[in-house]
Structure formats: C-alpha cells, structure tokens
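Residue-level structural notes
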Amino acid sequence: MAATLAEKILARASGRERVKPGDVLEPAVDLAMSHENGALVINQFSEIVKDTGLEPRVWDPSKIAIIFDHRVPAESSKTANNQRKIREFVVAQGITKFHEIRGDEGGICHQILPENGYVRPGAVVVGTDSHTTTHGALGALAWGIGATEMAAVWALGRVLNVETPPTIKVVIEGKLPELVTPKDIILYLIGKLTAQGANFRVMEFHGSAARAMTISGRLVLSNMSVEAGATSGLFVPDEETVRYLREDAGVKEDIPLIAPDPDAVYERIVEINVSDLEPQIACPHTVDNVKPVGEAAGRRIDQIVIGSCTNGRLDDIEAAAMILKGKKVAKTVRMLVFPASGRIYRQALERGFLGILAGAGAVVMNSGCGCCLGIHQGALADGEAALSTTNRNFKGRMGNPNAEIYLCSPAVAAASAITGVITDPRKGA
Amino acid sequence: MPKVVFKVGDDISTDTIYPGRFMATVLPTETPQHCFADYKEFNDKANRKELPEGGIILAGNNFGCGSSREQAASCIKGHGLTVVARGIARIFLQNAVNLGLNTIIAPDVVAGEGDELALEKGALVNKTTGKSFAIVPHAPARQAIIDAAGLIPYARRKLMEQHGKRA
C-alpha cells in the first residue's frame, strides 16, 4: 500500500484507501486561491450556475482566498473595474481570506498564503496561477488551474476529473557553498530536467540539502518546479515546517504531518549533489537554458529586478542589502526591489535593508507581480537586458519581445547591480 | 481538408500566445484580437482573413507552457483554429479541454505551412507529404469533458446531481 506524498494527499481528499497514477479523482479542495483573474472566474461561475435554479453561492467562502497582486495599485480603469467587481463579489459571498491593496495585509498571493497560515501539510490547494506549486514547500499538494476550472471548484468544492500524476523523486544531497542558494539549485534542476521534463508529473524533494533548507528556500524550489512543467513540487513536512507555521504564520491549531511511505513507487529518481554547485543563470528565452554564472559573466545589464513570488522574501532582500551595503548601483543600471508582501516590506524596513538598497540607488517598489510579467511597471526597451530573481525569461515576458531576460539568485543580482554586468557574487564586485 | 495556417517551434509560452499586457481583457469575444499579438505574421494573416475556421496552428513540444492564463486558450478558440502539437503543457491542455479548443497531440508530426492534415483511422496524416503520424489520445479524464462539450456544461451537470436535480 506504499504511496508517494501526492498519492497520500489525493487519496485522503478523495475518500479512498489508496490511489495510483492514472486514477481519475474528484479531490476535495482545502484552499482555492485567485488574484485579479477572479474577475474571469466570477463570469464562468455565473455560467455554471445559470439555468440550474440554484442560488449562485460558492461552496465554502472560508476556503476561498483572493489576493490583489498582479496590477497593484490599478494601472488602468479596466483593472480597477475588475478589482471592484471582485470586491463586490467578496462582500456578497462572505469570502474571508481576502487581501486588499494594503501595506499591512497585502502582498503577492504566494507569500500571503504561507505567511498567514492558510496552507497546511497534506492540504489540497488550487490556484488560478501557475506558480501555485509554491505551496508544496509546506507539504501541500498545490497546483495551478484555469479560471473555468476554478469556477467549477467554487461551485462544487472539488476539482473535477483529476488524473493522479506519477511522481519524480528529486534527491538533493550535500551542503550549499557560500553565496550559492536554493534558487541556484532549482535553476540547475530545471536545466537538467528541461522545461517539459516534469510535465504531468509531481516532483517530491528529498535529501540532506532539502531537509536543511528553511521554508523560505523550499518555497523557491516548489515555486519554480512548474518551470520544469511539474503539476506540483512537494517537500516532506518536518520540524522546520512546524516552526514556520508556528513562529512566522502564527498557527495555533494542531499541525498533523504527513510523509510518503519509504517504499513508495516513483516514476524516476533524480539525484544531485550541491556541495560544488556554482551560481546559475537561466539565459534567454527559456528557463531551461541554464549555465553556470561564469559562462554569462560580463553581459551588460540594463535593469535588475529583485522580487516576485520566487525571490522577494526577507532573506532575499537581506542578501541583496548585505552585498550592496556601502556600494552603489552602477549608473547604467536601474535596480527595482519588490518585497513579496507588506509584512516583508515592513520587516525589511525595520531591519534597515530597504534603506541600504535605496541608498545604493535601488528603487523600492510596493509589493506586486506586475514587473515579472510585464503588465505593471518596469517594462524593458528594445534591445535591453534584464537580470532578475523572478521565475520566467520567456520572450516578451517583461513586456517587450525585443528584450532579453536572465534569471538568477538575489546574490548574483546584487553583485551584478554594482558592476552593471552579470557578475559572480563569489568573486566580489 | 484543414491546412496548417501558422507554424511555431518548441516551448511557446502563454506569454507569447497571449501577452500579459492584455490580461485585464477576459471576455472570450474580446481575447482573439490579442492572439499572438507580437507575431506580425499571425496578425497579418488574421487581417487578410487567411485563418479559416478549422485551420491548424502547428506547434513543437511544450506548447502553452508557463502562465495559467485561460485567455491563451480562449483567444485561439475564438479564431476557430485547432492546435496540433508535438506536446502540450498541462495547464494549457486542461484549459483547452475545458473551453472546447480542439487539440491534437502527435509527438512526431512533421508538416509545413500550407500542408493539409487529416485524422484517418486514429492517426494524423499529412496529405501533402503522404506521411502518417501516431497521435496520443486524450486521457479519459479529459475526454469526458470534451464529450460534454466543455467544463461549464460538465460542471453544471455535476452541480445539479449534487443538489438532487435532473439536468
């Protein structure tokens, strides 16, 4: 009866003793997350309920989370109208996990969910955002879905026709060298697996380096597991998961843990050792075009971005601030910093990190996703290159198909900000 | 016989199919105008009405990777086109199934723009070159939604069953 973590979670959520890859299920949902695209979900939800004679009520307003983060504050009347439509729906339905455009409670959805304790080990989480995989860091099976699929979840409280995915076991051994980070591990893994290597599959992270990682680091790996195509990227919840949920997220209730069986069946096992890993760079225009930083070093950069659901957390901002302390951002570079949430913004402010970064020449922005996907601030000019701690370097991603995007860790981004060219942080700037 | 009207390579992301700057537009009646917005060739063809209903977008591996934005599926469906690809990323494929965008996965397909493709006896045949390619059938979980003409009618039926009503 051996099961992977994903199989255990799906079995519980589907009321079954066990499930195997290929089984078609209707798992119950513990948390359903949307952002501004909730406006489209509302339309599709109305379509489903239409002509049924039923009241248009969501299945459980306490299990729906809506966070404004993609275009905040609204950049156009169209977005403002979408946001207003969602606010009205939130009030009408009594949705409780709603996060406004505010400095106290707002932020990027994939930071808001963990830091508020909304995600628990063993939970089924779906979100109308591909980076919903992030929440696998806490041992939840979390995956991205489209707006129509979310509308069905709002109506029914379960995901229809889920095909149980096979699992790839990823064993990460060794100890990370100084200035080499979880971001470098996931970039390296995506390069190894390719952008479609885990399509329709779950990644389950194991090994000494995975266990040694803080939740902040685990969130980076789970977040970007979708860039290898993965449905979800899970860590086995442990004492660090409990520590995070208690200390950072303020969870008071019991936190039951869940683990895969030792003899669980994996489709494939991928083993890496990170003790000699170098900082990695994903070069244009695919996330799997990954090289050690040395091979891209010297490339002139016009814009540096630190932030996003991948690398906008307090330790990311701290790493950048420590490198930029007493230094200046090169005159040829624009550096933008987006803390991942209002809480992180305030913590980074109190600890002096934001002052260091702004004093060095960076612009500290409000928390949000817009720059990463080219929809709100930080657009690139034709022929420009960005070096970014975000998660995607697709052609056109930052709003201009005639620009290039390189992806890296906060340490590489900060070291490169000083020189104006891609720089290995271990060699200093 | 449907023809390949537009051909793209591997790893075409939903950012390419439907650029983020148009994401505030959500209505299926409005999304087609932004389909492949940064591809002049596609837009020229659309303007010249050279994208006939049933025409084929031929793609490589991992088509529709990246963002879950459903507009990427709805904008292609709005043009009445079919996607034939060597491989399709999970979220895009599910969105296509949910919205009724026709997709065919043929891992070895080889064809050029203008070639005529047809489904014959469970295989994809390039009528122009005479070559035949195996197709990967949709998983039963997705085929059930296709057979119901999309997720909205499928979910509506489930909802009524849940409330003890007859569809």
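Scoring rules and cut-offs
- Residues numbered from 1 in each chain as written.
- Chains lettered and ligands numbered in written order.
- Predicted model: local features only at pLDDT ≥ 70, side-chain atom pairs only at ≥ 80, totals over all residues.
- Helix = DSSP H or I, 4+ residues; strand = E, 2+ residues; numbered from the N terminus.
- Rg over C-alpha atoms; globule rule 2.2 N^0.38 Å.
- Buried ≥ 20, exposed ≤ 12 C-beta atoms within 10 Å, placed from the backbone.
- Contact = placed C-beta atoms within 7 Å.
- Pairing = 2+ DSSP bridges.
- Axes fitted to C-alpha atoms, helices over the stretch in contact; angles between N-to-C directions.
- Domains from an automatic or database assignment.
- Nonpolar A, V, L, I, M, F, W, Y, C, P; charged D, E, K, R; others polar.

A tally of helices and strands in chain A yields 15 helices and 18 strands. Computed over C-alpha atoms, the radius of gyration of chain A comes to 21 Å, within 12% of the 22 Å expected from 2.2 N^0.38 for 429 residues, which places it in the range of a compact globule. When the backbone C-alpha atoms are referred to their principal axes, chain A occupies close to 65 × 55 × 40 Å. Among the 429 residues that make up chain A, the fraction classed as buried is 62%. In chain A, of all internal contacts separated by at least 6 residues, the share reaching a separation of at least 24 is 76%.

Chain B puts 43 residues into the contact, and the matching count from chain A is 46 residues. With nine residues, the top contributor of residues to the side of chain B that touches chain A is helix 6 (residues 151–162) of chain B.

Residues and elements named next belong to chain B. Ordered in space as 5-6-7, the three strands form an open sheet in which the pairing is antiparallel. Each end of this open sheet is capped by a strand with a single partner; those strands are strand 5 (117–120) and strand 7 (132–134). In this sheet, adjacent strand axes meet at a mean angle of 30° when their direction is disregarded. Inspection of the sheet shows strand 5 paired to strand 6 (residues 123–126) by four bridges, in the antiparallel sense. When the bridges of strand 6 are listed, Leu119 appears paired with Leu124.

Residue and element names in this part refer to chain B. Where burial is concerned, most of helix 3 (residues 71–78) is hidden: eight out of the eight residues are buried. Along helix 3, the residues classified as buried are Gln71, Ala72, Ala73, Ser74, Cys75, Ile76, Lys77 and Gly78. Its buried side turned inward, helix 3 meets helix 1 (14–17), strand 2 (56–59), strand 3 (82–85) and helix 4 (90–99). After helix 3 finishes, the residue Gly80 shows a positive phi value of roughly 75°.

All names here are of chain B. Domains assigned within chain B are domain 1 (4–136) and domain 2 (138–167). Summarising the inter-unit geometry, the C-alpha centres of domain 1 and domain 2 are found 25 Å apart. At the junction of the two partners, domain 1 supplies four residues and domain 2 supplies six residues. Within the side of domain 1 that touches domain 2, the residues separate by chemical class into two nonpolar, two polar and no charged.

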